[in-house]
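Below, each chain spelled out in residue letters.
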Amino acid sequence: MNALPARFLDVLRDAVGDRGLSTDPADRDAVAHDLWPRALIAERGGRLLPGPDAVVWPAGRDQVAAVCAACHRAGVPFTPFGAGTGVCGAAIPVRGGVVLDLKRLDRILDWDLESGWVVVEPGLLGSRLEDACRERGCTTGHHPSSLALSTVGGFVATRSAGQLSTRYGRIDDLVAGLDVVLPDGTTVSLRAQPASGAGPDLRRLFLGSEGGFGVVVEVTLRLHPLPERRVDHAALFGGFAAGVAAVREALQAGLRPSLLRLYDPADTALQASELGVGEGGGDHALLLASCEGRAAVAAAEAGELAAICAAHGARPCDPAAVAAWYARRDDIGFAQARYLPLPGAVIDTVELAAPWSRLVTLHEAVRRRLGGRLIVLCHLSHGYPDGACLYFSFAGVAAGEEAAVPLHERLWAEVMAAAAEAGASIAHHHGAGLARAPYMAAELGEGGLAVLRRLKAALDPGGVANPGKWGL
Ligand SMILES: Cc1cc2nc3c(=O)[nH]c(=O)nc-3n(C[C@H](O)[C@H](O)[C@H](O)COP(=O)(O)OP(=O)(O)OC[C@H]3O[C@@H](n4cnc5c(N)ncnc54)[C@H](O)[C@@H]3O)c2cc1C
């Protein structure tokens, strides 16, 4: 028997129609988790997630509103679900209830090519949006490695960053406006504008809200013209710190390469074999970069970048390495899927952010705390004038299957401690979800966490919108 009362299920059925509701175990399993490695490792060890009690597939924003209102009235938890590629457990319905699978809200609603805007529904897959943009000679510039398998609503709700964010910005920079169904079923429309100075920017409140403040039902995204030309640059530095110094100088000088990836020596060794460039062994750090836009500007920008790299002692490499990277740009993120099924395997990625003055310290702190027991790789990407993201991948094998989850927990605790030690942010673009819940106070401070708690209580007094996240 389903945990939800029959009368409540009838209300949901009235809201979304017979075919828009399921309590079938197979349908519930399909939306029971995202791709948070800890949950996948636990499942591998036989600990299945309980999942939701029902799944709904609303076909429009009115149906989303009706479902939220019903949950609010009945005190039943609900969790929005995009495509389930989140890697922090944010989409896991830890308290059961209803999952709102948004895949039927996948339309492109409007184009304003003069202003450079597109209006979309949240369940639209990133690659479908990008294909439609390209047909019109433009791009959002937002290209996470999961582009083909993740949704616009997911991007907004996790504050994702694409591979070319140094030039195009992260999703935060691309959202011009959005509409949200609040947890009680009322809708707020935050109109698209190029800028607005009227009080606090409420749009930002919903960026990274992971379903905790309601359901994003419409998003206006900014567009850029397709680049006329891309100029690639690859270089090998004598060490990671030298590469960091060069990248910092380039960004502070106003350069905005689209691709910007600086690999630490361990990752450089891997890239050397995968891309056929660089030198495995030693302290080398490989930079892969590209500049794009108007042909003359892209060429000039790449020239300046190359000059800065050379001034920091870098040796230029065959730029074909950059083309080789682009050719497999979306495979890279899925590599861990090959190893995760192996018994005892513990594998994950963690992205942190730090100002330039603490970036090398952060790199050293994470490597020191994780090193020895594991393979630890790191690259710098997503650069800003004042700092950058460090993206760590780690892999190891626990003493047995039962030791795998505790090992995963310990490794995360080590990385979070390293971030605290170096004064870094605990997250750059994967969100908070369950993975970072225990560390939110360290990030926001007790004062910040109290504000978050009060916002949550004000917008979701019944505590039904994706409860159990953010450590609240
Ligand atoms: C191989 C791989 C590569 C990846 N590469 C990148 C990358 O390059 N950059 C990056 O930033 N991330 C990356 N990710 C992480 C992931 O793809 C992103 O977090 C993505 O934004 C999640 O989108 P989704 O549609 O799958 O969301 P889901 O996982 O379904 O949901 C994520 C969160 O958003 C909430 N949510 C979803 N839709 C809505 C909505 N309409 N309204 C309110 N809340 C909503 C959910 O409740 C949940 O809390 C990668 C993941 C994988 C597996």
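Above this text sits the structure in question.
Residues numbered from 1 in each chain as written. Predicted model: local features only at pLDDT ≥ 70, side-chain atom pairs only at ≥ 80, totals over all residues. Heavy atoms only, no water.

## A closer look at the overall build of the protein
The secondary structure content of the protein amounts to 17 helices and 18 strands. Considered along the principal axes of its C-alpha atoms, the protein spans approximately 70 × 60 × 40 Å. The buried share among the 472 residues of the protein stands at 54%. Contacts in the protein between residues at least 24 apart in sequence constitute 74% of all its contacts with a sequence separation of at least 6. (Helix = DSSP H or I, 4+ residues; strand = E, 2+ residues; numbered from the N terminus. Buried < 20%, exposed > 50% of the residue type's maximum accessible area, 1.4 Å probe, protein only. Contact = heavy atoms within 4.5 Å.)

## Details of the site of the ligand
Within the structure, the ligand sits among 36 residues, and P80, G82, T85, S146 and T151 are positioned closest to it. Within the backbone of G86, one N or O atom sits 2.8 Å away from an oxygen atom of the ligand. Computed on the free molecule, the ligand has an accessible area of 980 Å², of which 96% lies beneath the protein chains in the complex. Every element with two or more residues in the shell around the ligand is listed here: strand 3 (78-81), helix 6 (152-158) and strand 10 (215-222). Broken down by element, the shell around the ligand gets its largest block of residues, five residues, from helix 6. Residue composition of the shell around the ligand, by class: 16 nonpolar, 19 polar and one charged. (Near = heavy atom within 4 Å. Polar contact = N/O pair within 3.5 Å; in protein donor to acceptor, adjacent residues only side chain to side chain. Areas by Shrake-Rupley, 256 points an atom, 1.4 Å probe, with all protein chains shown as cover. Nonpolar A, V, L, I, M, F, W, Y, C, P; charged D, E, K, R; others polar.)

## Focus on the environment of R19
Turning to its location among the elements, R19 is positioned in the loop between helix 1 (6-16) and strand 1 (21-22). The exposure class assigned to R19 is exposed, which follows from its relative accessible area of 80%. Distance in space between the C-alpha atoms of R19 and N466 is 24 Å, their sequence separation being 447 residues.

## With respect to the state of the cysteines
For the coordinates displayed, the defined rule picks out zero disulfides. Free of any disulfide, C88 has its nearest cysteine sulfur in C389, 12 Å distant. C88 gets classed as buried once you look at its relative accessible area, which sits at 3%. (Disulfide = S-S within 2.5 Å.)

## Digging into the pairing of strand 3
Burial of strand 3 is two-sided: the residues F78 and P80 facing one way and the residues T79 and F81 facing the other way are all buried. Pairing of strand 3 with strand 4 (residues 98-101) involves four bridges; the strand directions are parallel. Residue pairing in the sheet places F81 in a bridge with D101 of strand 4. (Pairing = 2+ DSSP bridges.)

## A closer look at helix 4 (residues 61-74)
Taking 1.5 Å per residue, 14 residues should reach 20 Å; helix 4 reaches 20 Å between its end C-alpha atoms and fits that length. Taken residue by residue, helix 4 has V64, A65, V67, C68, A69, A70 and C71 as its buried positions. Packing partners of the buried residues in helix 4 comprise helix 1, strand 2 (54-56), strand 3, strand 4, strand 8 (175-181) and strand 10. Downstream of helix 4 by one or two residues, G75 has phi in the positive range, about 70°. (Expected span 1.5 Å × (residues − 1).)

## Concerning the packing of aromatic side chains
The geometry of an aromatic ring pair is captured by the separation of the ring centres together with the interplanar angle, meaning the angle of the planes. For the structure shown, the criterion picks out three aromatic pairs. A ring pair is formed by F213 and W470, whose centres lie 5.4 Å apart and whose planes are at 70°; its orientation type is edge-to-face. One end of the pair, F213, is in the loop between helix 9 (202-206) and strand 10; the other, W470, is in the segment after helix 17 (440-459), with 257 residues separating them in the sequence. Note on accessibility: F213 and W470 belong to one class, buried. Put simply, the rings of F206, F213 and W470 touch in pairs and so form one group of aromatic residues. Taking NZ or CZ as reference, R167 lies 5.4 Å from the ring centre of Y168, over its face. (Phe/Tyr/Trp six-rings, centres within 6.5 Å; stacked < 30°, edge-to-face > 60°. Lys NZ or Arg CZ within 6 Å of the ring centre and 35° of its normal.)

## Let's talk about the nonpolar core
One finds F237, L352, L380 and F394 to be the most contacted residues of the largest nonpolar core, which totals 64 residues. Among the elements that make up this core, the one with the highest residue count is helix 16 (residues 404-422) (ten residues). Among the nonpolar cores identified, the runner-up in size contains 29 residues, and L190, V216, M440 and W470 belong to it. (Core = buried A, V, L, I, M, F, W, Y, C linked by side-chain atoms within 4.5 Å.)

It is worth stressing that arrangement in space is one thing and function is another; only the former is reported here.
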